[in-house]
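A look at the structure
Here's the letter readout for the chains.
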Amino acid sequence: MIRLGERQELIIVKKVDFGVYLADTGEGGDPQERVLLPKKEVPGDARTGDRLSVFIYRDSMDRMIATTRQPEFSVGEVAILKVKEVGKIGAFLEWKLEKDLLLPFKEQTVKVQEGQECLVALYIDKSGRLCTTMKVYPYLRTDSPYKKDDKVEGWVYQVIENFGMFVAVDNCYCAMIPKREPTGEVKVGDRITARVAGVLEDGKLTLSLREKAYIQIGKDAKELIEMIKKEGGRLPFNDKADPELIRSATGMSKNEFKRAVGNLYKQRLIVIEPDGIKLV
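1. Structural notes on the overall build of the protein chain
Within the protein chain, the regular secondary structure consists of 3 helices and 18 strands. Overall, the C-alpha framework of the protein chain stretches about 85 × 40 × 30 Å when taken along its three principal axes. With the model as given, the accessible surface of the protein chain reaches about 15800 Å², and the carbon-plus-sulfur share is 49%.

2. As for the packing of aromatic side chains
What describes a pair of aromatic rings is the distance from one ring centre to the other and the angle between the planes of the rings. Scanning all chains against the criterion turns up 7 aromatic pairs. Pairing Phe-18 with Tyr-21 gives two aromatic rings, centres 6.3 Å apart and planes at 85°, and the pair type is edge-to-face. The partly exposed category is assigned to Tyr-21, whose relative accessible area is 24%. A ring pair is formed by Tyr-146 and Tyr-173, whose centres lie 6.4 Å apart and whose planes are at 85°; its orientation type is edge-to-face. Of the two residues, Tyr-146 sits in the loop between strand S10 (130–133) and strand S11 (151–160) while Tyr-173 sits in strand S13 (residues 173–178), which places them 27 residues apart along the sequence. Judged by relative accessible area, Tyr-146 falls into the partly exposed class, the value being 21%. By relative accessible area, which is 11% here, Tyr-173 ends up buried. Taken together, the aromatic side chains of Phe-55, Phe-73 and Trp-95 make up a single cluster linked through ring pairs.

3. Let's talk about the environment of Gly-189
Positionally, Gly-189 belongs in the loop between S13 and strand S14 (191–199). Each C-alpha atom of the pair Gly-189 and Tyr-57 lies 27 Å from the other, and the pair is 132 residues apart in sequence.

4. Overview of the pattern of salt bridges
Inspection of every chain in the model, using the stated rule, returns 20 salt bridges. Across the pair Glu-6 and Arg-3 runs a salt bridge, and its minimum N-O distance is 2.8 Å. Note on Arg-3: relative accessible area 32%, which makes it partly exposed. When the shortest N-O distance is used, the salt bridge between Arg-129 and Asp-62 registers 3.3 Å. In this pair, Arg-129 sits in the loop between strand S9 (117–124) and S10 while Asp-62 sits in the loop between strand S4 (51–58) and strand S5 (64–67), placing the two residues 67 residues apart along the sequence. Judged by relative accessible area, Arg-129 falls into the partly exposed class, the value being 40%. Among the charged side chains, a network of salt bridges with common partners joins Lys-40, Glu-41, Arg-69 and Glu-98.

5. Digging into the sheet that holds strand S12 (residues 164–169)
Pairing in this closed barrel of 5 strands is mixed, and the strands run S11-S12-S13-S15-S14 around the ring. In this sheet, neighbouring strand axes are inclined to one another by 50° on average, regardless of whether the strands run parallel or antiparallel. Taken together, the 5 bridges between S11 and S14 define a ladder with antiparallel strand orientation. The partner of Gly-154 across the bridge, within S14, is Ile-192.

6. A short note on the environment of Asn-238
As for its placement among the helices and strands, Asn-238 is situated in the loop between strand S16 (234–235) and helix H2 (243–250). Residue Asn-238 is classed as buried on the basis of its relative accessible area, which comes to 8%. Remark: the alpha-carbon pair of Asn-238 and Phe-105, spanning 133 residues in sequence, is separated by 45 Å. Within the structure, Asn-238 has its side chain in polar contact with the backbone nitrogen of Lys-240 (distance 2.9 Å). A polar side-chain atom of Asn-238 sits 3.2 Å from the main-chain carbonyl oxygen of Pro-274.

7. Here's the deal with the sheet that holds strand S17 (residues 270–273)
Taken together, the 3 strands give an open sheet; going across it, the order is S16-S18-S17, and neighbouring strands pair in antiparallel fashion. For this open sheet the edge positions go to S16 and S17, each flanked by a neighbour on one side alone. Pairing of S17 with strand S18 (residues 276–279) involves 4 bridges; the strand directions are antiparallel. Within the sheet, the bridge partner assigned to Ile-272 lies in S18 and is Ile-277. Relative to the sheet, helix H3 (residues 254–266) contacts S17 and S18, its axis offset from that of S17 by approximately 125°.

8. Here's the deal with the pairing of S4
Two faces, one strand: in a regular strand the side chains alternate between the faces of the sheet. Note: strand S1 (residues 7–16) against S4, 5 bridges, orientation antiparallel. Across the sheet, residue Glu-9 finds its bridge partner in S4, namely Ser-53. Taken together, the 4 bridges between S4 and S5 define a ladder with antiparallel strand orientation. Across the sheet, the residue bridging to Ile-56 is Ala-66, located in S5. Linking S4 back to S5 in an antiparallel pair, the connection comprises 5 residues, with Asp-62 at a positive phi of about 70°.

Conventions adopted
- Residues numbered from 1 in each chain as written.
- Predicted model: local features only at pLDDT ≥ 70, side-chain atom pairs only at ≥ 80, totals over all residues.
- Heavy atoms only, no water.
- Helix = DSSP H or I, 4+ residues; strand = E, 2+ residues; numbered from the N terminus.
- Areas by Shrake-Rupley, 256 points an atom, 1.4 Å probe, with all protein chains shown as cover.
- Phe/Tyr/Trp six-rings, centres within 6.5 Å; stacked < 30°, edge-to-face > 60°.
- Buried < 20%, exposed > 50% of the residue type's maximum accessible area, 1.4 Å probe, protein only.
- Salt bridge = Lys/Arg side-chain N within 4 Å of Asp/Glu carboxyl O.
- Pairing = 2+ DSSP bridges.
- Axes fitted to C-alpha atoms, helices over the stretch in contact; angles between N-to-C directions.
- Polar contact = N/O pair within 3.5 Å; in protein donor to acceptor, adjacent residues only side chain to side chain.
- Contact = heavy atoms within 4.5 Å.

What follows is the structure, given as structure tokens:
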């Protein structure tokens, strides 16, 4: 069987002036099902009966065709591609083959622009054509080698308000920054460095952009001091304030803010007032 969007080994069954025809003559294959490998890609010493490794896609006339080139990914895999242009039905992405890949508007987690890079998965749409999606969650792996507190790099591909920020670690492993974790100005399309906060039973990773608490306290305290200085030496709220107010104003959770305040108070750098915090 000749499989669209995959690399496979096929046999040369016929040579013609404009290339060679390939077929799957193995067990379960249909020798009558053939695909053309254009002449410009046929090895000079190729003969009928030779086995070639090729990738199968559709050309500009929507015909199945073979290539010896190796594209960035196969069906079911993910890759980072650049947006060549945006049209009426979606964006068109560049890859190593002539025909650009469509990224339909409905498959975009955020609207993309020309020249932008995006993480996408390759799939076959209902019309039997190769297509891409930014909704890569079902295509990511859960067998990462990482463990708790490891540092990892990843690509933010989606944000769902009720859950958090979804990340593809190494562009292939499934991970998420939970909603409770501060993310600052990080957005879809950003590459991030994070700490593995936990590994779930199913192999998925939970991440944090912050260090372990005993390391982070010092950093948070330093940031808080600078923040108070910028506000003229006083913040109009303390560690008893509403958690959402604290997060929006400082980017810290209430517990992180309390630890930072406590650290500065022990150093006698601040005074905690009933309705605020003031530098000594």
